[in-house]
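Close look at the chain arrangement
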Amino acid sequence: MTNGKKGRQPQAPLSSQADGVTGDLVRLMQRDLVFVMRFMGESQYRLQSHFQDFIRAELAAGGVTGETHPMIHLFIESHAILLRDFVFSGVSLSRQFRVEEIERLTGDPMIRVDIWDQLKSHIETAEKQFQSQAGGLPGLLTAFERPAEPPGRKAAGGPDEE
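Residues numbered from 1 in each chain as written. Predicted model: local features only at pLDDT ≥ 70, side-chain atom pairs only at ≥ 80, totals over all residues. Heavy atoms only, no water.

1. As for the environment of Arg56
Note on placement: Arg56 falls in helix H2 (residues 42-61). Accessibility expressed as a relative area gives 41% for Arg56, which makes it partly exposed. Separated by 21 residues in sequence, Arg56 and Glu77 place their C-alpha atoms 9.6 Å apart. (Helix = DSSP H or I, 4+ residues; strand = E, 2+ residues; numbered from the N terminus. Buried < 20%, exposed > 50% of the residue type's maximum accessible area, 1.4 Å probe, protein only.)

Written out as C-alpha cells, the structure reads:
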C-alpha cells in the first residue's frame, strides 16, 4: 500500500473466493475438522474456585497472605484461571471427535451443510470487517514500511556522491 490518500471504496466480499475457500475447507473436513468438548458455566467456576483455594493455601503455607500482600487476590485469581484453562484444555484435547462420529452420534447427516453455511458466512463477515477498516490501514502500515535512508547516507547501489 502506498501513502497516497486516494479514497478507497469498500468492496463486497469476494464471494467466489469465499465459495472456493469454503469448498476447500469442507473437502479437508474429513481430515482436519475435530469437534472438541468444552466445559461451560458452573463447571468452570467450580474448578476455578478449587484452584483459588489451593493457591491461597499454598501461598499461606509459605507465609504469603492477604495481610502481608494486600493485592494477592489478583495473583490468585489470574493463576487459578490459568490452571483451570490448562486442565480443561488438556481434557478437551484428549477427547476429540471427527465429523463422521458426530454425524453418527447425532443422526444428523446435514452437519456438513450447516458447517459449509457457517464457514461461508463467517468468511464473508471477516472480509467485510477488514474492508470496513481499510481506511485506517495506511496509518497502521507505516510501521511496516522500509525505513528512510538517514541524511548523508548514500542509497545502496547508488553513485558515490557527497
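2. Some points on the side chain of Ser92
The topology assignment puts Ser92 in helix H3 (residues 72-94). Among the polar contacts made by the side chain of Ser92, one reaches the main-chain carbonyl oxygen of Phe88 at a distance of 2.9 Å. When residues no more than four places from it in sequence are discounted, the contact partners of Ser92 are Val36, Met37 and Arg38. (Polar contact = N/O pair within 3.5 Å; in protein donor to acceptor, adjacent residues only side chain to side chain. Contact = heavy atoms within 4.5 Å.)

3. What about the confidence of the model for the chain?
Considering every residue of the chain, the mean pLDDT works out to 83; 83% of them sit at 70 or more. Per-element confidence in the chain ranges from a low mean pLDDT of 76 for helix H6 (residues 137-141) to a high of 96 for H2. Per-residue pLDDT stays below 50 along residues 1-5; that stretch engages in 5 contacts with residues further than four places along the chain or on separate chains. (pLDDT = per-residue confidence, 0-100.)

4. What to know about H2
For H2, built from 20 residues, the straight-helix expectation of 28 Å at 1.5 Å per residue is met to within 8% by its first-to-last C-alpha distance of 29 Å. Where H2 is concerned, the buried positions are Leu47, Gln48, Ser49, Phe51, Gln52 and Ile55. Among the structural elements, H3 are those in contact with the buried residues of H2. Gly63 sits one or two positions beyond H2 and adopts a positive phi of about 90°. (Expected span 1.5 Å × (residues − 1).)

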